[in-house]
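Chain residues, written in single-letter form:
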Amino acid sequence: MKTVALTRALPIDDPAALLDLELPHPGQPSGHDLLVQVRAVSVNPVDTKQRRAARADDAPPRVLGFDAAGVVEAVGPEVTAFAPGDEVYYAGDVTRPGCNAQWQHVDARVVGRMPTTLDFADAAALPLTTLTAWELLFDRMRLYFDDCRHRGQTLLVIGGAGGVGSMAIQLARHAGFTVVATASRPASVDWCRRMGAQHVIDHHQPLPPQLQALGISAVNVALNLADTDAYWDVLGELMAPQGHVGLIVEPRGPLRIGDPYKAKCISLHWEFMFARARFGTADMVEQHRILNRVASLVDAGELRSTANGTLGAINAANLREAHRQLEAGSVIGKLTLAGWE
Ligand SMILES: NC(=O)c1ccc[n+]([C@@H]2O[C@H](COP(=O)([O-])OP(=O)(O)OC[C@H]3O[C@@H](n4cnc5c(N)ncnc54)[C@H](OP(=O)(O)O)[C@@H]3O)[C@@H](O)[C@H]2O)c1
């Protein structure tokens, strides 16, 4: 089958950084696995980090890709939620071969039914970033998605126009928050507003005076989706007492968790989207439920795809371009690729 794989850890401007490779078909699925024919994929910073990670010279080719939409071709004996022909979307498991392949095995417990109102490319834009934002807000922080219960509270999204930020803005608005997003360019400012942010401030300028100019003296919830170290001190300053800070990016160095975090009783919440699949947690089927729920919300017009441009077919040249854009840190929403021609 056709795949895009890496054999060596190389910078993205090297044409061999990602290669078009023929690899064996994965075969019939066992256990909880589905065999999915991949129709479209999206690309995430995790792909670029995995591509750059050190690897042994004799390691087998590695297929990346952790956002897919496709069609179920076969199901393992323990699968009850899907049947051949179902259209599905999922992020999958970073410890297994990824979706940059014509066929892939994926555990059905982390797969959702695809929204009926989206095509494969627009659906592939959603799973990884949506699971990240949803799990952070509603599983880790235990905030409330329904009933606009957070009306009157302020939520700050640092990195609002990125893949995770684009969905976090939408989910937080649905939950009733006043959402302030950060963005630094006219196009990313405009995108944050289209995702639903009521206010957009510039993360290249000091944040406190910009919030004060909006009449906001403190924020109840902050999602640092860009740089854990860089915003640590300013978030300690900005948080309201008993507030919540969400983190998704590995820090580069030690962080001082005492005052003002202690004095204000600030709760810290880590989210790692692959934790459930990686550790096979007893509740890993929650990702199936989240993706099904999100599909219904998309079909009802309450959430929208964050897809923002396609790079063409799934091949090494187009995926190298996707990695290049992600490494530049300037992607707005999600990039997608579809088809294998
Ligand atoms: N833990 C997890 O489960 C998990 C899941 C998903 C992602 N992540 C990580 O979270 C990070 C964000 O992922 P993503 O997919 O949202 O990335 P992305 O789509 O590549 O984010 C791009 C956006 O980041 C903004 N940005 C760049 N530098 C920034 C800075 N210094 N401060 C604030 N915003 C900045 C840019 O906005 P402007 O153009 O407006 O400057 C750009 O729109 C990555 O490190 C990724 O690996 C972790």
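What you see is a predicted model, and the numbers here were worked out from it, not measured in a lab. (Residues numbered from 1 in each chain as written. Predicted model: local features only at pLDDT ≥ 70, side-chain atom pairs only at ≥ 80, totals over all residues. Heavy atoms only, no water.)

1. A word on the side chain of N224
- Checked against the element boundaries, N224 lands in strand β12 (residues 219–224).
- A residue is classified by how much of its surface remains accessible, and N224, at 0% relative accessible area, is buried.
- A polar contact of 3.2 Å, which involves the side chain of N224, links it to the backbone nitrogen of A226.
- Once residues within four sequence positions are removed from consideration, N224 is found in contact with I158, Y231, L235, G246, L247 and I248. (Helix = DSSP H or I, 4+ residues; strand = E, 2+ residues; numbered from the N terminus. Buried < 20%, exposed > 50% of the residue type's maximum accessible area, 1.4 Å probe, protein only. Polar contact = N/O pair within 3.5 Å; in protein donor to acceptor, adjacent residues only side chain to side chain. Contact = heavy atoms within 4.5 Å.)

2. A look at the domain arrangement of the protein
- The domain boundaries assigned to the protein delineate domain 1 (2–126 + 276–338) and domain 2 (130–270).
- Summarising the inter-unit geometry, the C-alpha centres of domain 1 and domain 2 are found 27 Å apart.
- With 20 residues of domain 1 at the interface, the matching set in domain 2 holds 22 residues.
- Here domain 1 meets domain 2 over a buried area of about 1,900 Å², counting both sides, of which 61% is carbon and sulfur. (Domains from an automatic or database assignment. Buried area = accessible area lost by both parts, 1.4 Å probe.)

3. Section: the pattern of salt bridges
- Evaluation of the coordinates by the stated rule reveals 16 salt bridges.
- E135 serves as the salt-bridge partner of R140, at 3.5 Å between the closest nitrogen and oxygen.
- Taking the relative accessible area as the measure of exposure, E135 reaches 0% and is therefore buried.
- With a shortest N-O distance of 2.9 Å, R276 and D139 are connected by a salt bridge. Within this pair, whereas R276 is found in helix α8 (residues 275–279), its partner D139 is found in helix α3 (residues 127–140), the two being separated by 137 residues in sequence. Per residue, the accessibility class of R276 equals that of D139, and both read buried.
- One continuous salt-bridge network, built from bridges that share partners, spans E135, D139, R140, E271, R276 and D283. (Salt bridge = Lys/Arg side-chain N within 4 Å of Asp/Glu carboxyl O.)

4. Let's talk about the side chain of T132
- Summarising the element assignment, T132 is placed in helix α3.
- What makes T132 buried here is its relative accessible area of 6%.
- In this view, T132 contacts V164, I248, E271 and M273; residues no more than four positions away in its chain are not counted.

5. Concerning the nonpolar core
- With 92 residues, the main nonpolar core has L34, L171 and L223 as its most contacted residues.
- Tallying contributions element by element places α3 first for this core, with seven residues.
- No fewer than three residues from each of domain 1 (2–126 + 276–338) and domain 2 (130–270) sit in this core.
- When sequence neighbours within four positions are dropped, the list of residues in contact with L223 reads L136, L137, M141, L155, L156, V157, I158, A168 and G246.
- One finds I216, V234, L238 and Y261 within the second-largest nonpolar core, a separate group that totals 19 residues. (Core = buried A, V, L, I, M, F, W, Y, C linked by side-chain atoms within 4.5 Å.)

6. Observations regarding the sheet that holds strand β2 (residues 19–22)
- With antiparallel pairing, the three strands of this open sheet are ordered in space as β2-β1-β4. Looking at which strands have only one partner, the edges of the open sheet turn out to be β2 and β4 (62–63). (Pairing = 2+ DSSP bridges.)

7. Re the site of the ligand
- The immediate surroundings of the ligand are formed by 26 residues, with S184, R185, S188, Y231 and M273 found nearest.
- Here an oxygen atom of the ligand and a side-chain polar atom of H203 are 2.8 Å apart.
- Y231 has a polar side-chain atom sitting 2.6 Å from a nitrogen atom of the ligand.
- For the ligand, whose unbound accessible area comes to 940 Å², protein coverage reaches 84%. (Near = heavy atom within 4 Å. Areas by Shrake-Rupley, 256 points an atom, 1.4 Å probe, with all protein chains shown as cover.)

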